[in-house]
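Read off the chains here:
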Amino acid sequence: MPYRSQRDFEDEIRSHIALEADRLVEEGMSLDAAQLAARRRFGNVTRAQERYHSAGRWVWVEQLLQDVRYAARMLRKSPLFSGIAILTIALGIGANTAVFSIVNGVLLSPLPYRAPERLVKVWETLPGLSQATVSYPDYKDWQERTRVFDGVAVYGPYANKTLTGGDLPERVGVGLASANLFDVLGLAPAIGRGFRADEDRPGVGRVVILSNGFWQQRYGGEARVLGRTLTLDGDPYTVIGVLPPTVGLGSVDLWVPVGLSANDPSFTRENHPGLIGVGRLKRGVTITQMNNDLARISREIQAEHPRESAGIGAEGASFRELLVETIRPALSLLTWAVLSVLLIACVNVANLLLARSTSRQKEIALRLALGASHRRIRSLLLSEHLLVAMIGGVVGVGLAYAAVRAVVQTQPPGVPRLADIHINLAVLTFAAAVSVVTGLLVGLLPARSATRIDLIEPLKGSGRSSATSGTLRLRGALMTAEVALALMLLIGAGLLIRSVSRLTRVNPGVDARGVTTGWIFLPGNKYPDADRQRLALDEILQRVETVPGVTSAALTSAFPLASNTQNGVTFEGHPKPAGQEPLLNYQAISREYFNTVRMRVLRGRGFAATDVKGADEVVWIDETVAKKFFPGEDPIGKRILRGRFDSKERPWTVVGVVNDVLDQSLGERANGTLYRPFDQEPQNWMGLVINTTMPFERVLPPVRRGIASVDPALPLASEETLEHKITQTIGQETFTMFVLVAFAGVALILAAVGVYGVIAYFVAQRLHEIGIRIALGARRSDIVVLISRRVLVTAGIGVAVGLIGAMAASGLMSTLVYEVAPTDGATYVGSALALLAVAALAAVVPTLRATRVNPASAMRAD
Amino acid sequence: MSTRDAEERDTLLQGTLDLLILRTLALGPHHGQGIARVIQQRSGETLLVDHGSLYPALQRLESREWIKGEWGTSSNNRRARFYSLTAAGRKQFLSESGRWNRLVESIARVLAPDPVEG
């Protein structure tokens with residue numbers, strides 16, 4: 001039925017009365033008499049209109065508007081209550097919205113590629129190394145022999161080149177891409193074109209494709225960039241295209257064809273030059289089938305190249321899974337945590353509403369007595385609750401917006417797809433849905449208990465109502481739930497705090513205080529051979545050493561906790577079959593390295609001025625290597641060979657044992673590292689470690705000038721303090737901890753407010769009784785015992801439930817904690833005690849109020 | 001209408017008004033006053049429609065989409081809302097009147113004078 005206005009209906013009644021009057025006139029009545037009779041005959045016009053009105057389908061809209069107006073008035077009338085309720089809900093919904101927007105961006109939203117569910121990444125496996133990068137000739141073989149891929153490509157995100165032509169030379173991240181990479185991903189260039197197959201080989205005209213970020217940042221998204229020439233390491237490259245935003249391909253500014261490097265020495269079959277495979281599975285092919293096919297191809301390659309490919313396999317996994325696997329446990333923990341915060345917020349507001357509906361009993365009783373239906377009262381209360389939740393939701397979305405911005409800006413390490421984290425339509429829909437559910441959840445109990453009241457008692461003016469004991473029980477149960485949830489969060493946060501504090505106390509093996517790091521890259525065309533590289537780097541080191549405030553400086557091919565090169569080696573006297581050689585970290589260093597990062601030489605000698613080119617080839621090993629490969633022997637003087645037992649290289653002689661240094665992160669064990677003099681094996685990129693007595697920012701400019709005095713085209717790249725570098729390795733753990741601690745803090749405050757509310761209510765309800773007790777001679781301490789018992793029972797049950805809940809949920813934590821059991825007793829007990837203390841603290845004020853009751857006035861109060 | 005009038009005439013049985021309206025509209029479109037008039041006339045002036053309750057009934061039927069109302073002009077040139085039966089309304093009328101007839105028959109049988117035994 002279409003909507004009919006009230007006016008339309010009135011018109012109809014008027015027309016009816018006129019028609020009736022017409023008839024009566026026809027029958028001979030006078031006009032006046034006829035009109036009067038017609039009106040009388042119709043009866044009560046207003047009543048007819050009302051009956052029309054309340055039968056209409058649109059009446060609920062009108063009632064709802066009325067209820068909302070009324071609810072808004074009620075909220076304005078008690079601003080303190082409304083403020084607390086709205087803020088509480090805003091915190092809950094805000095936290096949920098923020099976490100959901102992260103979950104949505106990182107885990108739920110599809111990758112920006114065509115049919116991303118069929119995309120996989122593929123790597124190689126070496127004995128002792130489960131994920132190695134891909135050998136270029138192996139990749140070529142995959143491409144030819146695969147039965148499972150529609151297409152397979154490689155990319156290498158780790159290269160760097162110096163871009164010149166601007167004000168300062170700078171290092172840019174260069175990605176190597178096979179010509180088919182963007183086709184395999186299903187990624188059409190934003191402008192321009194992709195690589196052609198004939199550009200993907202050495203010795204052709206050099207072309208470059210810009211990443212979207214680099215294009216926006218450097219060229220403001222201008223299309224005119226096409227056809228421009230960029231100078232990279234002194235070579236000209238023509239810009240042929242720009243990519244749309246990508247995900248999971250590393251931080252690459254510029255893409256060049258991988259084939260340009262096909263003749264590099266590192267692109268031979270036995271090398272793994274930082275390439276990663278990307279495949280598009282044929283429709284219906286599973287990961288297992290793919291891995292079986294890769295194993296088949298690997299066996300063929302091994303058979304054909306027994307020397308280079310011994311022991312080398314290949315494996316792959318879903319592109320998306322690889323991207324999110326490390327963050328998933330943290331996000332699922334945070335999701336549960338944030339839901340608990342929301343539940344606690346709901347419980348708190350429900351508690352508030354219960355308290356208020358008790359004080360509003362008189363009003364409600366009056367409404368019921370005047371004939372309002374229970375349904376109508378419930379819908380009135382419900383619209384109040386929904387309104388609170390809605391306003392809370394809007395404020396919460398604002399909070400979430402700020403929180404998400406802050407998170408994205410701090411760029412927490414280890415969180416992929418930061419650019420995809422937005423407050424978008426999906427997130428807003430989520431927030432709206434959560435608000436409605438919150439409103440219903442919060443309002444359910446109070447609305448039910450509010451209408452189940454006795455009409456007589458409240459109207460008689462007695463402050464105490466018959467609903468009291470039931471309400472008190474209900475509120476006690478809510479408080480128990482709240483305490484339990486808060487305890488679970490507290491335990492989770494406690495475990496993470498302990499875990500992170502263990503991590504930060506882990507001895508990395510170096511003393512990072514006062515150490516600054518940075519990279520220097522020598523372009524291959526200007527520094528083509530070892531001598532020129534050695535010369536330039538030596539000179540740079542000398543200049544840096546003389547900078548005021550620098551106490552020592554050294555070159556190193558890798559930084560602590562960031563090893564980047566591994567070699568298979570053979571220990572003289574302990575040959576392994578080909579392909580089974582142990583893989584050890586390899587680090588080239590200059591003379592002052594051990595001093596600069598304060599490593600200790602445990603046996604043998606340190607770095608000598610004589611460890612240079614042409615002298616004996618020497619090597620230092622760390623404790624792990626010494627223990628593992630020279631058990632019960634003195635390693636000094638033993639010889640190590642790079643590669644297989646039949647390698648033709650000159651062996652290195654062990655001259656010292658140094659302490660272990662963690663090679664990946666604070667949370668992982670060291671694998672063993674070999675240190676070699678840079679002078680005996682120079683390379684064209686080296687890290688610089690500088691130990692200074694001055695702050696990092698003050699030393700950098702003169703250091704830069706020192707480098708520039710050697711070659712003005714040399715930038716110092718990714719400079720940062722070693723301390724920062726080390727803490728970054730546990731960045732994700734620290735981030736998760738901070739977020740969970742924040743949630744636990746909010747939960748604790750809300751729980752305290754909840755406990756306070758329940759106890760204050762309990763005291764208010766018992767004021768009369770307490771007055772009598774005091775009048776009969778009870779001491780203040782008896783009153784304290786009375787109330788404390790109440791607090792302890794309610795909070796105690798909550799603590800018990802919370803402990804059990806935390807045990808049950810400890811599985812969520814197992815992958816997130818370091819050297820702390822997810823059921824760590826101390827954390828559990830400590831958190832429980834902390835929560836009980838907070839509960840007791842929250843009960844202090846109402847308890848004090850109870851002990852100060854004046855018996856006379858308390859008994860007269862009703 | 002005096003109190004006496006009302007006593008002499010039968011008031012409508014609860015629930016029969018809907019059926020009577022449907023019956024009236026089965027004859028053709030009418031406005032509200034016309035419907036009341038027709039019912040009264042066809043009942044030999046014995047059934048008196050409470051004009052006040054006529055409209056909620058009309059509204060009820062309209063919301064069930066058994067009848068639909070449209071503004072038109074009456075025979076004496078007054079604007080009036082004319083109601084007519086929809087297809088669903090016609091169906092409803094047929095089944096409803098069948099039910100009614102069966103009910104009346106049953107009641108009549110119950111009320112019939114005691115059969116002479118033997």
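Just so it is clear, the model here is predicted, and its values are computed rather than measured.

Thresholds applied
Residues numbered from 1 in each chain as written. Chains lettered and ligands numbered in written order. Predicted model: local features only at pLDDT ≥ 70, side-chain atom pairs only at ≥ 80, totals over all residues. Helix = DSSP H or I, 4+ residues; strand = E, 2+ residues; numbered from the N terminus. Buried ≥ 20, exposed ≤ 12 C-beta atoms within 10 Å, placed from the backbone. Contact = placed C-beta atoms within 7 Å. Nonpolar A, V, L, I, M, F, W, Y, C, P; charged D, E, K, R; others polar. Core = buried A, V, L, I, M, F, W, Y, C linked by C-beta atoms within 7 Å. Domains from an automatic or database assignment. Pairing = 2+ DSSP bridges. Axes fitted to C-alpha atoms, helices over the stretch in contact; angles between N-to-C directions. Parallel < 35°, antiparallel > 145°, perpendicular 65-115°, else oblique. Left-handed = near helix turned anticlockwise from the far one by under 90°.

Q: Help me understand the overall build of chain B in this model?
A: When its secondary structure is counted, chain B shows 5 helices and 5 strands. Helices and strands appear in chain B in the N-to-C order α-β-α-β-α-β-α-β-β-α. In chain B, buried positions account for 27% of the 118 residues. In chain B, the share of contacts with a sequence separation of at least 24, taken over all contacts with a separation of at least 6, comes to 50%.

Q: What am I meant to see in the interface of chain A and chain B here?
A: Interface size is commonly expressed as the accessible area that is lost once the parts come together. Counting residues at the interface gives 20 residues for chain A and 21 residues for chain B. Within the residue set of the side of chain A that touches chain B, elements represented by two or more residues are helix 1 (6–26), helix 2 (31–42) and helix 3 (45–55) of chain A. A per-element tally of the side of chain A that touches chain B places helix 1 of chain A first, with 9 residues. The residue inventory of the side of chain A that touches chain B, partitioned by class, reads 8 nonpolar, 4 polar and 8 charged.

Q: Looking at this structure, I do not really get unusual backbone geometry. What am I missing?
A: All names here are of chain A. For Arg-417, which is not a glycine, the phi torsion comes out positive at approximately 60°. Along the chain, Arg-417 turns up in the loop between helix 13 (374–410) and helix 14 (425–451). Unusually for a residue other than glycine, Arg-598 sits at a positive phi of about 55°. Its place among the elements puts Arg-598 in the loop between helix 18 (593–596) and strand 16 (601–604). A count of 16 C-beta atoms within 10 Å places Arg-598 in the partly exposed class.

Q: Whenever I open this one, the nonpolar core confuses me. Can you help?
A: Buried together is how nonpolar side chains tend to be arranged in soluble globular proteins. Residue and element names in this part refer to chain A. Ranked by internal contacts, the top residues of the largest apolar core, which has 167 residues, are Ala-486, Leu-487, Phe-743 and Ala-747. At 21 residues, helix 22 (residues 731–775) tops the list of elements feeding residues into this core. Two domains share this core, each providing at least three of its residues, namely domain 3 (328–505 + 731–860) and domain 4 (524–712). If sequence neighbours within four positions are ignored, Ala-747 has contacts with Ser-340, Val-341, Ile-344, Leu-485, Ala-486 and Leu-489. Of all hydrophobic cores here, the second largest spans 50 residues; its members include Leu-119, Tyr-136, Val-184 and Met-290.

Q: Looking at this structure, how should I read the sheet that holds strand 5 (residues 79–85) of chain B?
A: Whenever strands of a sheet pair, they do so through backbone hydrogen bonds, lying parallel or antiparallel. Residues and elements named next belong to chain B. Taken in spatial order, the 3 strands of this open sheet run 2-5-4, and their pairing is antiparallel. The sheet is open, and its two edges are formed by strand 2 (30–31) and strand 4 (67–73), each paired on a single side. Inspection of the sheet shows strand 4 paired to strand 5 by 7 bridges, in the antiparallel sense. In the sheet register, Thr-73 faces strand 5, and the bridge partner there is Arg-79.

Q: Could you clarify how one ought to interpret the packing of helix 3 (residues 32–42) of chain B against helix 4 (residues 51–63) of chain B in this entry?
A: Two packed helices can be described by the angle between their axes and the distance between those axes. Residues and elements named next belong to chain B. Where helix 3 meets helix 4, the axes come as close as 10 Å, and the angle between the chain directions of the two elements is 115°. Here helix 3 lies roughly perpendicular to helix 4, going by the angle between them. Judged by the twist between their axes, the crossing of helix 3 over helix 4 is right-handed. Facing Gly-32, Ile-35 and Ala-36 of helix 3, the residues of helix 4 in contact are His-51, Leu-54, Tyr-55 and Leu-58. Taken together, the residues of the contact of helix 3 with helix 4 break down into 5 nonpolar, 2 polar and no charged.

Q: Even after reading the chapter, I still don't get helix 3 of chain B, so can you show me in this structure?
A: What sets the pattern is the α-helix's 3.6 residues per turn: residues three or four places apart point alike. Residues of helix 3 of chain B that are buried include every one of Gly-32, Gln-33, Gly-34, Ile-35, Ala-36 and Ile-39 of chain B, and no others. Of the residues flanking the end of helix 3 of chain B, it is Gly-44 of chain B, one or two places downstream, whose phi is positive at about 65°.

Q: Looking at this structure, I do not really get the packing of helix 1 of chain A against helix 2 of chain A. What am I missing?
A: Residues and elements named next belong to chain A. Interaxial distance between helix 1 and helix 2 falls to 8 Å at its minimum, and their mutual angle equals 130°. With respect to their mutual orientation, helix 1 and helix 2 come out oblique. For the element pair helix 1 and helix 2, the recorded crossing hand is right-handed. Judged by residue contacts, His-16, Ile-17, Glu-20, Ala-21, Leu-24 and Val-25 of helix 1 engage Leu-31, Ala-34, Gln-35, Ala-37, Ala-38, Arg-39, Arg-41 and Phe-42 from helix 2. For the contact of helix 1 with helix 2, the residue count by class is 9 nonpolar, 2 polar and 3 charged.

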